[in-house]
There are 2 protein chains.
Amino acid sequence: MPGTVTLVVCTTCRLPGADPAAPRDGARLSDALTAQGVPHRQQACLSACARGCAVALCAPGKFTYVQGGLDPERDIPDLLAYATDYARAPDGIVPWRSRPEVIRKNTIARIPPLEA
Amino acid sequence: MPGTVTLVVCTTCRLPGADPAAPRDGARLSDALTAQGVPHRQQACLSACARGCAVALCAPGKFTYVQGGLDPERDIPDLLAYATDYARAPDGIVPWRSRPEVIRKNTIARIPPLEA
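It should be emphasised that the depicted structure is a prediction, and the values quoted were computed from it without experimental measurement. (Residues numbered from 1 in each chain as written. Chains lettered and ligands numbered in written order. Predicted model: local features only at pLDDT ≥ 70, side-chain atom pairs only at ≥ 80, totals over all residues. Heavy atoms only, no water.)

Regarding the overall build of chain A
Here comes step 1: Helix and strand counts for chain A come out as three helices and five strands.
Here comes step 2: Scanning chain A from its N terminus toward the C terminus, one meets helices and strands in the order β-α-β-β-β-α-α-β.
Here comes step 3: The C-alpha radius of gyration of chain A comes to 13 Å, within 12% of the 13 Å expected for a compact globule of 116 residues.
Here comes step 4: Along the three orthogonal principal directions, the C-alpha set of chain A runs to about 45 × 25 × 25 Å.
Here comes step 5: Scored against the burial criterion, the 116 residues of chain A give a buried share of 51%.
Here comes step 6: A fraction of 66% describes how many contacts in chain A between residues 6 or more apart in sequence connect residues 24 or more apart.
Here comes step 7: Counting every atom, chain A has about 5400 Å² of accessible surface; 54% of that belongs to carbon and sulfur.
Here comes step 8: Across chain A, the mean location of the 13 positive side-chain charges is 5 Å away from that of the 11 negative side-chain charges. (Helix = DSSP H or I, 4+ residues; strand = E, 2+ residues; numbered from the N terminus. Rg over C-alpha atoms; globule rule 2.2 N^0.38 Å. Buried < 20%, exposed > 50% of the residue type's maximum accessible area, 1.4 Å probe, protein only. Contact = heavy atoms within 4.5 Å. Areas by Shrake-Rupley, 256 points an atom, 1.4 Å probe, with all protein chains shown as cover. Lys, Arg positive; Asp, Glu negative; His and termini not counted. Charge placed at Lys NZ, Arg CZ, Asp CG, Glu CD.)

Considering the relation of the copies chain A and chain B
Here comes step 1: Relative to chain B, chain A is turned by 180° and slid 0.0 Å along the rotation axis, the superposed coordinates differing by an RMSD of 0.0 Å. Considering both components of the superposition, the chain copies are consistent with a two-fold axis.
Here comes step 2: A symmetric contact is evident, with 100% of the interface residues of chain A recurring at the interface of chain B. (Least-squares fit on C-alpha atoms with pLDDT ≥ 70 in both.)

Considering the interface of chain A and chain B
Here comes step 1: Across the boundary between the two partners, chain A contributes 23 residues, which contact 23 residues of chain B.
Here comes step 2: The junction of chain A with chain B conceals about 1700 Å² of combined surface from both sides, 60% of it contributed by carbon and sulfur atoms.
Here comes step 3: Summed over the shared surface of chain A and chain B, the number is zero salt bridges.
Here comes step 4: Mapped by element, the contributors of at least two residues to the side of chain A that touches chain B are β1 (6–10), β2 (41–43), β3 (55–58), β4 (64–67) and β5 (107–111) of chain A.
Here comes step 5: No other element matches the five residues that β5(A) contributes to the side of chain A that touches chain B.
Here comes step 6: Considered class by class, the residues forming the side of chain A that touches chain B number 16 nonpolar, five polar and two charged. (Buried area = accessible area lost by both parts, 1.4 Å probe. Salt bridge = Lys/Arg side-chain N within 4 Å of Asp/Glu carboxyl O. Nonpolar A, V, L, I, M, F, W, Y, C, P; charged D, E, K, R; others polar.)

Thoughts on the environment of A:Asn106
Residue and element names in this part refer to chain A.
Here comes step 1: Its location among the elements puts Asn-106 in the loop between α3 (101–104) and β5.
Here comes step 2: Between the C-alpha atom of Asn-106 and that of Val-66, which follows or precedes it by 40 residues, the distance is 8.7 Å.
Here comes step 3: Discounting chain neighbours no more than four positions away, the residues touching Asn-106 are Arg-51, Val-66, Gln-67, Gly-68 and Gly-69.
Here comes step 4: From its side chain, Asn-106 meets the backbone oxygen of Val-102 in a polar contact 2.9 Å long. (Polar contact = N/O pair within 3.5 Å; in protein donor to acceptor, adjacent residues only side chain to side chain.)

Description of unusual backbone geometry
All names here are of chain A.
Here comes step 1: Put simply, Gly-52 and Cys-53 share a cis peptide bond, and its omega is -10°.
Here comes step 2: By the secondary structure assignment, Cys-53 is in the loop between β2 and β3.
Here comes step 3: We note that Cys-45 has phi near 85°; this positive angle belongs to a residue other than glycine.
Here comes step 4: Mapping Cys-45 onto the fold places it in the loop between β2 and β3.

Section: the pattern of salt bridges
Residues and elements named next belong to chain A.
Here comes step 1: Evaluation of the coordinates by the stated rule reveals ten salt bridges over all chains.
Here comes step 2: In this structure, Arg-74 engages Asp-75 in a salt bridge whose closest nitrogen and oxygen atoms are separated by 2.8 Å.
Here comes step 3: By relative accessible area, Asp-75 is classed as buried at 4%.
Here comes step 4: Sharing partners across several salt bridges, the network here consists of Asp-25, Arg-28 and Glu-73.

Describing the confidence of the model for chain A
Here comes step 1: In this model, chain A carries a mean pLDDT of 95, and residues with pLDDT of at least 70 account for 96%.
Here comes step 2: Both confidence scores are given for the complex: pTM 0.95, ipTM 0.94. (pLDDT = per-residue confidence, 0-100.)

Focus: the side chain of A:Ser30
Residue and element names in this part refer to chain A.
Here comes step 1: Relative to the assigned elements, Ser-30 resides in helix α1 (residues 25–35).
Here comes step 2: The exposure class of Ser-30 is buried, given its relative accessible area of 0%.
Here comes step 3: Apart from residues lying up to four places away in sequence, Ser-30 is in contact with Val-9, Thr-11, His-40 and Gln-42.

As structure tokens, this is what we get:
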């Protein structure tokens with residue numbers, strides 16, 4: 001992922017229905033990304049708790065996107081493909097049809113770039 | 001509201017169950033804020049469509065907060081009170097007990113400041 005893009009990973013997220021005694025799914029997502037060498041920033045809570053695991057993609061001059069519903073075991077390839085397309089899109093808006101299904105179905109919010 | 005805080009208002013939002021033929025509630029929220037002299041930025045869609053009306057509060061060095069569930073007729077005083085407290089909070093994190101109920105119950109996401 002290009003250095004101008006920041007991937008923020010919520011480390012306190014749980015997948016819906018997760019065992020509250022199990023390790024937090026967001027921390028597992030962060031660990032799995034680290035194991036794959038994917039730079040990211042950890043954040044204890046993105047206030048999207050009902051829709052974990054959640055991440056945010058941010059870059060100067062682009063829309064910020066908050067995405068949820070990410071399963072650490074299943075969705076990292078889709079997340080990284082989307083992040084790559086996000087990095088390539090000048091405004092951060094990836095064409096709808098190019099977005100992986102887990103991304104399309106779990107966009108929580110977007111915030112316009114304030115510099116614009 | 002201090003000039004360093006940007007209030008972004010989704011103009012395409014509808015309240016849950018709104019008449020699809022009626023004017024969009026987000027546009028009505030924006031109009032009502034304008035009528036009260038509240039500076040804000042309009043955005044066609046914050047991708048939080050299931051939880052309208054939605055806004056974002058942003059400021060340099062602070063958490064960005066995305067809030068939903070705002071009724072243009074009912075919730076502007078609470079939104080403005082919260083925005084004032086947000087402006088005063090160095091990191092944008094308003095103490096939980098100080099947040100109006102509509103804010104507490106309808107926080108959609110928060111994103112940490114990337115400068116930090």
